[in-house]
Amino acid sequence: MTETTPQPGPATPTCFVSYSWDSEEHKAWVRQLATALRSAGVDVRIDQWDARFGMDVPKYMEERIRFSDYVLLVCTPEFAERANTGKGGVGYEKGIITGELYTGAQPTKFIPVLRTGEPADSLPSYLMNKLFVDLRDDCAFEAGIQAVVRHVYQRPEYEAPPLSLRGVLGATGVPDT
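A brief structural summary. (Residues numbered from 1 in each chain as written. Predicted model: local features only at pLDDT ≥ 70, side-chain atom pairs only at ≥ 80, totals over all residues. Heavy atoms only, no water.)

Considerations on the packing of helix α4 (residues 77–85) against helix α5 (residues 88–102)
For any two helices packed against each other, one specifies the crossing angle of their axes together with the interaxial distance. Packing of α4 against α5 brings their axes to within 7 Å, and their N-to-C directions diverge by 60°. Here α5 runs oblique to α4, going by the angle between their axes. The two elements α4 and α5 meet at a crossing, and its hand is right-handed. Along its contact with α4, which presents Phe-79, Arg-82 and Ala-83, the element α5 presents Val-90, Gly-91 and Lys-94. Tallied by class, residues from the contact of α4 with α5 come to 3 nonpolar, 1 polar and 2 charged. (Axes fitted to C-alpha atoms, helices over the stretch in contact; angles between N-to-C directions. Helix = DSSP H or I, 4+ residues; strand = E, 2+ residues; numbered from the N terminus. Parallel < 35°, antiparallel > 145°, perpendicular 65-115°, else oblique. Left-handed = near helix turned anticlockwise from the far one by under 90°. Contact = heavy atoms within 4.5 Å. Nonpolar A, V, L, I, M, F, W, Y, C, P; charged D, E, K, R; others polar.)

Section: unusual backbone geometry
Unlike most non-glycine residues, Gln-154 shows phi in positive territory, near 55°. Mapped onto the fold, Gln-154 is located in the segment after α7 (141–152).

What to know about the sheet that holds strand β5 (residues 133–134)
Here 5 strands make up an open sheet; going across it, the order is β2-β1-β3-β4-β5 and the pairing parallel. If you trace the sheet from one side to the other, it starts and ends with β2 (43–45) and β5, each paired once. Relative to strand β4 (residues 110–114), strand β3 (residues 70–75) is paired through 5 bridges, and the arrangement is parallel. Opposite Cys-75, over in β4, you have Leu-114 as the bridge partner. In the packing of helix α3 (residues 57–67) onto the sheet, contacts are made with β1 (14–18), β2, β3 and β4, and the angle to β1 comes to roughly 135°. (Pairing = 2+ DSSP bridges.)

Focus on the nonpolar core
Looking at soluble globular proteins, one finds that nonpolar side chains tend to be buried together. Grouped together as the largest cluster of nonpolar side chains are 24 residues, with contacts concentrated most on Val-17, Trp-29, Leu-33, Leu-37, Val-44 and Leu-72. A total of 6 residues in this core trace back to one element, the largest contributor, which is helix α1 (residues 24–39). Aside from chain neighbours lying at most four places away, what touches Leu-37 is Val-42, Val-44, Leu-72, Ile-145, Val-148 and Val-149. Core analysis: the next-biggest nonpolar cluster, separate from the first, contains 18 residues, Ile-65, Val-71, Leu-73 and Phe-110 among them. (Core = buried A, V, L, I, M, F, W, Y, C linked by side-chain atoms within 4.5 Å. Buried < 20%, exposed > 50% of the residue type's maximum accessible area, 1.4 Å probe, protein only.)

Listed below in structure tokens is the structure:
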């Protein structure tokens, strides 16, 4: 029997990962993140897998951000600096993301992931008011992956119990007074 790689289907969420090239170690961690999410059933795309010589990089970034169901933003002090000053690929992507938000994209499409530093130093100004996944501690990696998977599959960790009118309505179906 031949083993095959599962192919993305119509219910498979797509996710692009935006990050700064802080170091080779950081790039390897981003690959680890993307691999873990793909193993959990999320069709993740990163430049390290997709980039080819001669490709139009700004077009790639625009298409991935616009047409992905979700965008993970791996936040570090370097990422925040580049986004806030509009430098490099991160600065370019910030312009695309803010344009998407301005024209009505679902805000929950953009998921900040705090990798290093404090939120005040690592989250760019346009993400400061957003809830984020905290992956600064490698011991929390699996829990963080599960949180992202639940988010993209729209399966919250906790769901509100159903409303019940028991105790509010009397035997006649009329509220007790």
